[in-house]
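Residue-level listing of the chains:
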Amino acid sequence: MTTTTPARGRRRAPSRMERAAGRAAAFQKPRVILALLLLLALTSVMLLDGYLRSEIGNDARVRDGAAYDKVPSRILDGGPLLTFDHGTATTQSVPDRTIVLTFDDGPTATWTPQVLKVLEENDVDATFFMVGSMISRYPGVVKSLVKQGNEVGIHTFTHVDLSYQSAARLQRELKQTQLALAGAAGVTTTLFRAPYSSEIDAVDNYSWPVYQEIGDLGYTSVFVDTDSDDWKKPGVSKIVRWATPKKNKGAIVLMHDAGGDRSQTISALGTYIKKMKAKGYTFTTVSGAQAMLNGNRSGVGRQSGSAGAGAGASAGAGIGGTGAAQAAQHQAAGATLYEGRALVYAVAVAEWVVPALSWFLLVVGIAVMGRFGMMLVLARRHHRQRNRGRGKGARGGGRFSWGPAVTRPVSVIVPAYNEKECIANTLRSLAKSTHPIEIVVVDDGSDDNTSEIAESLGMPNVRVVRQENAGKPAALNNGVRTARHDIVVMMDGDTVFEPDAVHQLVQPFADPEIGAVAGNAKVGNRTTLIGAWQHIEYVMGFNLDRRMYDLLRCMPTIPGAIGAFRRDAVLGVGGMSEDTLAEDTDITIALHRAGWRVVYQEHARAWTEAPGSLRQLWSQRYRWSYGTMQALWKHRKSLTDKGPSGRFGRVGMPLVVLFQIVTPVFAPLIDVFTGYSMVFVDFRAALLAWLAVLAVQLVCAAYAFRLDREKYRYLAMLPLQQLAYRQMMYLVLIHSCVTALTGGRLRWQKLKRTGEVGTPAGAGR
């Protein structure tokens, strides 16, 4: 055994990258928190949107036919305006020949503006009892409505039957609607109409306490005298007839500007107003009617046959509620105004974000399914092509071959930093190689006797090269320079090779166009739950992908655990770069851009020790994903290059960005939407959709296991992997994206090894 030992003096000072990494380490925890906050913000936006659409907290119960013996008869026989003065209930009726037009359940962007147009054309004001969630969704409509001289009232925030709700829910419904009004139009109101209410004689023992509590809060409860029943869509003539009061009496008339197709309401409204004006009726608001009852007829509405007077009165009313027709409205100020604006802004964000994300997730879902389909088709083609003529029962067509067998010796480079637990197993596995090799162990400044252990094995074809700690890329470059042969195999210090791994790995070099070969990395410590999850990921996510990328000629990464290179090709692109944390991805892309072909050799198998704890797994995958982003950014010019470099840039780069960054980053949203749908929308439909996607993944995983001749029993852990392991991988990738966007730097992170992966005797278990 020949040992090359450069002089070792004092331990070197930290490099510039290490110093930058040390400073960046303090920012890692905030970045994790920021990633979690982004996910929390998205969840909050979805919950808000669901609340606005009554998907969250929805209570569809409606009480009907309850007793009313506890309601005072004077109330049941009274008028439609119910107020409380120091706990005493009082009702009032609208004056004769007076119409108070009221519209419920709005606003909407479609029908409310059309109602306003008809009202404006006929010089009429109305009172709109609006649902808070709708107000916050259409604030511009509300602002126009109030500015035009109309009056607003509360119809709760989520349109629930308050007789079923607690006192806290009641006050929340009122307060949230007031905030929505304040944010939309800068006003608050003292008018209230309960959902599902009608004439005052329908008040029962359950709703009466609700009206008492609302009255004690200073609200006027507004019922109806005449219901147009326009929601039934009976036709224009019936709507007009049903809305007409009898015997020239005054009336509060109910119509709707939301809740479905209101085209009949729009058509009937103009006809109805003209008919009632012809009969000498005055149109006003609820506040206008109350002013008339109190002897004040100035500015309460627009008189029939006197459009000019009505317009002038309306002009005096505005957002501030200065006219008698809007007396129930008050200028919002202070915390109410600012909280209301915040609510409206938050809803605006939700109204834009959630639909946009829904469409985007549809695209992501199609991309994911497309990827699965492409992987299955190309992986099958790759397997059939590369295994033609292998095994029993092989049919005609000729045996696949790369060319003349490669039998010349090759160099195996083993970079090692504190690998005392694993280095012996690694070297013993190489000693069993069926291919002639020299082994170059590059000790990267270990302080745990790694090099001494390597030397103590007494293997004649092993050379130990010592260097001061400089990182894995530097160790690999040192090994390449020291290598005696034109083909170099690179592996990790914790990996063991199967006896024919090197021989299988170097056979593609019979083709002079091939510059590098990716091997088949297997998880050795798969007996634990975390190990089993990674085993599924390696077989399905890595090796199935590599088959696809191989046929598309855009392999993005040669795994550090097992890969082979032409020595001249590596030196020709400048060796292993320290510019990124994913030196394996960096060198692979560089070789593509230099015109070399990179292929996948499934029969070259190596067994590696995967991280044994969640903390180590996070650290490893964080480095991988961040390093991949660095490598893609470094080689971004390939997008506009010509020749082989441009081919990778326009084929490989988009695929890697789409399937390894964009899709995984947004994949958590699919899970969030699924969970949201299960809880608040349709549990069965959402569950079936999730199970369908899981079934597709299971099919892909089963096929990948079949190609790699793995035991199917590990697939039983796939559902749990989707629920737990995959979520962690999402967070890691989001964390990496945040780090990349904030310009952070990371140092090489050494994982704790146990040495439990020995010789690959259990291959295929």
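Residues numbered from 1 in each chain as written. Predicted model: local features only at pLDDT ≥ 70, side-chain atom pairs only at ≥ 80, totals over all residues. Heavy atoms only, no water.

Topic: the overall build of the protein
Secondary structure assignment for the protein yields 24 helices and 22 strands. Expressed as a percentage of contacts within the protein between residues at least 6 apart in sequence, the contacts between residues at least 24 apart total 81%. Carbon and sulfur atoms make up 56% of the accessible area of the protein, which amounts to about 32200 Å² in all. (Helix = DSSP H or I, 4+ residues; strand = E, 2+ residues; numbered from the N terminus. Contact = heavy atoms within 4.5 Å. Areas by Shrake-Rupley, 256 points an atom, 1.4 Å probe, with all protein chains shown as cover.)

Regarding a positive patch on the surface
Together, R97, K238, R241, K275 and K279 make up a region of like positive charge exposed at the surface. Summarising the element assignment, K279 is placed in the loop between α10 (263-278) and β12 (282-284). (Patch = residues over 30% accessible without salt bridge, like charges linked within 9 Å, V, L, I, M, F, W, Y side chains within 5 Å. Salt bridge = Lys/Arg side-chain N within 4 Å of Asp/Glu carboxyl O. Lys, Arg positive; Asp, Glu negative; His and termini not counted. Charge placed at Lys NZ, Arg CZ, Asp CG, Glu CD.)

Here we look at unusual backbone geometry
With an omega of 0 degrees, the peptide bond running from G106 to P107 counts as cis. Its location among the elements puts P107 in the loop between β4 (98-104) and α4 (112-121). Of note in the backbone geometry, D123 takes a positive phi value of approximately 55 degrees without being a glycine. Here the phi dihedral of N418 falls at roughly 55 degrees; this positive angle occurs in a residue that is not glycine.

Re the nonpolar core
Grouped together as the largest cluster of nonpolar side chains are 73 residues, with contacts concentrated most on L101, L119 and Y272. Residues M490, F565, M576 and L591 belong to the second largest nonpolar core, which totals 60 residues. (Core = buried A, V, L, I, M, F, W, Y, C linked by side-chain atoms within 4.5 Å. Buried < 20%, exposed > 50% of the residue type's maximum accessible area, 1.4 Å probe, protein only.)

Quick word on the pairing of strand β20 (residues 514-523)
β20 sits mainly inside the fold: ten of its ten residues count as buried. Both β20 and strand β22 (residues 597-608) contribute to a ladder of eight bridges, which runs parallel. Its bridge partner lying in β22, V523 is registered against T608. Relative to strand β21 (residues 562-566), β20 runs antiparallel, the two being bridged by three bridges. From the neighbouring strand, V517 faces β21, where its bridge partner is A564. (Pairing = 2+ DSSP bridges.)

So, the confidence of the model for the protein
Confidence in the prediction for the protein averages 84 pLDDT; 85% of positions are at 70 or higher. Every residue in residues 1-13 is under pLDDT 50, and counting partners more than four places away or in other chains gives 27 contacts. Low pLDDT, under 50, characterises residues 759-765; the stretch is placed with 18 contacts to residues that sit more than four places away or in other chains. (pLDDT = per-residue confidence, 0-100.)

Some thoughts on a nonpolar patch on the surface
Residues W359, L362 and I366 make up a contiguous nonpolar surface patch of about 370 Å² in total accessible area. Turning to its location among the elements, W359 is positioned in helix α13 (residues 334-386).

Thoughts on the pattern of salt bridges
Tallied over the entire structure, the rule returns 21 salt bridges. Across the salt bridge formed by D229 and K232, the nearest N and O atoms sit 3.5 Å from each other. Note on K232: relative accessible area 46%, which makes it partly exposed.

A closer look at the environment of S73
With respect to the element layout, S73 can be found in helix α3 (residues 73-76). You can call S73 exposed: its relative accessible area is 52%. Taking C-alpha positions, S73 is 8.9 Å from D201, a pair spaced 128 residues apart along the chain.

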